[in-house]
Amino acid sequence: MKYAIVGTGSRHAMFRQAITETYGPTNELVGLCDNNATRLTVSANSIKDQKGNGVATYDAAQFDQMIAEQKPDSVVVTVPDYLHHEYIVRALKSGCNVVTEKPMTTDLAKMKAILDAQAETGKSVTVTFNYRYTPARTQLKEIIQSGAIGDITMVDFRWYLDRVHGADYFRRWHRYKDKSGGLLVHKSTHHFDLLNWWIGSTPKTVHANGKLAFYTPEMAEQLGLSGHGERCHDCPVADKCDFELDMVDDEALRKLYLDAEDNDGYLRDKCVFADDITIEDSMQVGVHYANNAFLNYTLCAYSPWEGLEVKFHGTKGELTHRHVEVHGVFGGERARMETGKMTTELNVAGKPPQQIKVDEGEGDHGGADPVMLGYLFDAENVGPDPYKRGSTQVDGAWSILTGIAANESIATGKAIEVDELLKANGIELPR
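Predicted model, so just to flag it, every value in this text is computed and none were measured.

Draft legend 1. Region of interest: helix H4 (residues 84–93). With seven of 10 residues buried, H4 lies mostly within the body of the structure. For H4, the full list of buried residues reads His-84, His-85, Tyr-87, Ile-88, Val-89, Ala-91 and Leu-92. In the core, the buried residues of H4 are packed alongside strand S1 (2–6), helix H3 (63–70), strand S4 (74–77), strand S5 (97–100), helix H5 (108–121) and strand S6 (125–127).

Draft legend 2. Region of the structure containing the packing of aromatic side chains. According to the stated counting rule, one finds 19 aromatic pairs in the structure shown. Taking 4.6 Å as the distance between ring centres and 35° as the angle between the ring planes, the aromatic pair formed by Tyr-160 and Trp-305 counts as tilted. On the criterion of sequence distance, the pair formed by Tyr-160 in strand S7 (residues 152–162) and Trp-305 in the loop between strand S10 (294–303) and strand S11 (307–314) is long-range, its members being 145 residues apart. Among the residues examined, Tyr-160 registers a relative accessible area of 15% and is labelled buried. Between Trp-198 and Phe-312, the aromatic rings sit 5.2 Å apart at their centres with planes inclined by 85°, giving edge-to-face as the arrangement. Here the residue Trp-198 occupies a position in helix H10 (residues 188–199), and Phe-312 occupies one in strand S11, the gap between them amounting to 114 residues. When its relative accessible area of 2% is taken as the criterion, Trp-198 is described as buried. Among the residues examined, Phe-312 registers a relative accessible area of 0% and is labelled buried. Chaining the aromatic ring pairs together yields one cluster made of Tyr-131, Phe-157, Trp-159, Phe-192, Trp-198, Tyr-297 and Phe-312. For Lys-179, the ring lying beneath its charged end belongs to Tyr-82, and the centroid distance is 5.2 Å. Residue placement shows Arg-268 over the ring face of Tyr-257; its charged tip is 5.6 Å from the ring centre.

Draft legend 3. Quick peek at the sheet that holds strand S9 (residues 282–289). Taking strand neighbours across the sheet as the criterion, the nine strands line up as S14-S13-S12-S11-S7-S10-S9-S8-S15 in an open arrangement whose pairing is mixed. What marks the edges here is a single partner per strand, and that holds for strand S14 (354–356) and strand S15 (416–417). Both S9 and S10 contribute to a ladder of seven bridges, which runs antiparallel. Paired with Val-285 across the bridge in S10 is Tyr-297. Packed on one face of the sheet, helix H16 (residues 393–412) meets strand S8 (203–211), S9 and S15 and runs near 55° to S8.

Draft legend 4. Quick peek at the environment of Glu-280. Here Glu-280 is to be found in the loop between helix H13 (261–264) and S9. Given the relative accessible area of 9%, Glu-280 is considered buried. With 106 residues separating them in the primary sequence, Glu-280 and His-174 have C-alpha atoms 11 Å apart. Contact partners of Glu-280, with chain neighbours within four places excluded, come to Phe-170, Lys-177, Leu-183, Gly-210, Lys-211, Leu-212, Asn-407 and Ile-410. A polar contact of 2.7 Å, which involves the side chain of Glu-280, links it to the side chain of Lys-177.

Draft legend 5. Expanded view of the packing of H4 against H5. It is at 9 Å that the axes of H4 and H5 come closest, and there the two elements cross at 10°. Looking at the two axes, H4 sits roughly parallel to H5. Contacts between H4 and H5 involve His-85, Ile-88, Val-89, Leu-92 and Lys-93 from the former and Lys-110, Ala-113, Ile-114, Ala-117, Gln-118, Glu-120 and Thr-121 from the latter. Grouping the constituent residues of the contact of H4 with H5 by class yields six nonpolar, three polar and three charged.

Draft legend 6. Quick peek at the pairing of strand S2 (residues 28–34). In terms of burial, S2 is largely enclosed, as six of its seven residues are buried. Following the backbone out of S1, through helix H1 (residues 12–22) and into the adjacent parallel S2, one traces a crossover that is right-handed. Here four bridges tie S2 to strand S3 (residues 56–59), and the two strands are oriented parallel to one another. Each bridged residue has a counterpart across the sheet, and for Gly-31 the counterpart in S3 is Ala-56. Following the backbone out of S2, through helix H2 (residues 37–45) and into the adjacent parallel S3, one traces a crossover that is right-handed.

Draft legend 7. Structural view of the pattern of salt bridges. Tallied over the full model, the rule gives 25 salt bridges. The partner of Asp-264 in a salt bridge is Arg-39, and the shortest N-O contact between them spans 2.9 Å. With Asp-264 in helix H13 and Arg-39 in helix H2, this pair connects stretches of sequence that are 225 residues apart. Judged by its relative accessible area of 30%, Asp-264 is partly exposed. Its relative accessible area of 7% is what places Arg-39 among the buried residues. The salt bridge partner of Asp-419 is Arg-431, with a shortest N-O separation of 2.7 Å. One end of the pair, Asp-419, is in helix H17 (residues 418–424); the other, Arg-431, is in the segment after H17, with 12 residues separating them in the sequence. Looking at Asp-419, the relative accessible area reads 45%, which means it is partly exposed.

Draft legend 8. Inspection of a negative patch on the surface at higher detail. A cluster of acidic residues, Glu-142, Asp-359, Glu-360 and Glu-362, forms a negative patch on the protein surface. Considering the arrangement of structural elements, one finds Glu-362 in the loop between S14 and helix H14 (364–377).

About the thresholds
Residues numbered from 1 in each chain as written. Predicted model: local features only at pLDDT ≥ 70, side-chain atom pairs only at ≥ 80, totals over all residues. Heavy atoms only, no water. Buried < 20%, exposed > 50% of the residue type's maximum accessible area, 1.4 Å probe, protein only. Helix = DSSP H or I, 4+ residues; strand = E, 2+ residues; numbered from the N terminus. Contact = heavy atoms within 4.5 Å. Phe/Tyr/Trp six-rings, centres within 6.5 Å; stacked < 30°, edge-to-face > 60°. Lys NZ or Arg CZ within 6 Å of the ring centre and 35° of its normal. Pairing = 2+ DSSP bridges. Axes fitted to C-alpha atoms, helices over the stretch in contact; angles between N-to-C directions. Polar contact = N/O pair within 3.5 Å; in protein donor to acceptor, adjacent residues only side chain to side chain. Parallel < 35°, antiparallel > 145°, perpendicular 65-115°, else oblique. Nonpolar A, V, L, I, M, F, W, Y, C, P; charged D, E, K, R; others polar. Right-handed = clockwise from strand over helix to strand, strands pointing away. Salt bridge = Lys/Arg side-chain N within 4 Å of Asp/Glu carboxyl O. Patch = residues over 30% accessible without salt bridge, like charges linked within 9 Å, V, L, I, M, F, W, Y side chains within 5 Å. Areas by Shrake-Rupley, 256 points an atom, 1.4 Å probe, with all protein chains shown as cover. Lys, Arg positive; Asp, Glu negative; His and termini not counted. Charge placed at Lys NZ, Arg CZ, Asp CG, Glu CD.

From the geometry alone we can't say anything about function, so treat these as descriptive.
Here it is as structure tokens:
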């Protein structure tokens, strides 16, 4: 299989390595495309054992030329979220299949463009929801499918981003809602997809509240950071700021971003307390699903710890899972009690609670990435997936619909009927 990748920021490296190294004997990377010449060069030079003149590189304006000249079977899309639709649609209409990072896109108009292009061409769109492949999350699906807690009636799901990982969304392009859809689209697409998959349903009615409570100019003043700069680099108060991102000392970030600024002007280390941030950091969402299950969901982006807590209420009992995660976001360590600990408890009515030994795996995202990459790039040898974790454009659409409806609810103060939202935008989507 021949692949091209568009977008050579930090996220693309996982796909590049899988294509050129892990599954290199049966796959070929024929093109890299980006609007930043420095990042293109860094990516191309990172490929081991290159043949001939190496992988061809193209400016973003040459994307269609890359497709015409290199004739990839599939295009991997790892550009910023608000640009996903542009390259997905162009790749599909050029006869290529698409593998895209989550979220599939950020709004309804862009979603419709992708769905229409896929229907027109018949080519495939795969959205890489790696959380489905985490062994512990797959194990939850298996327990639910077994009927151990009966029919799912309600779910409580809380996700906590700490002040390293969470703060990073407020430095980058993600901090602007028109670029990322906000965290309820960019980040929560993972969580809402998991819920759709776990309970086997899709959102019907959504209501939400959200606000920017922590990453504000007022908080900078409270923390003694008066007079902070536009960015961490050369900030006059960086030496006393716990949120400083030092790209000079981080080789990977320096090569990809600091050294590449002259190409496109993108600043990777903007101040998290700036006054132009348009996304929320505190969000709660209530969902009524088509199968009559309810959800209470919380996302906090400034928690003192990182991880998740989810409880499934069923007609026969409860299933509870907790994970204190470790994120080496900048290559540093964050030691704390219980780091990396996962617990799962099955509590069936009339029986003592049972501690379930949690399935674990090796590799990033709790062992998810190696499993997902195997299905993506070595499907013939891996074989069929008994858990049906692969995600199409339909799954990608439903996962962002909860976040899009939640954003609409926050803006209007009203509960949003998802079917009405789809109808108003001319979108037909199977449940």
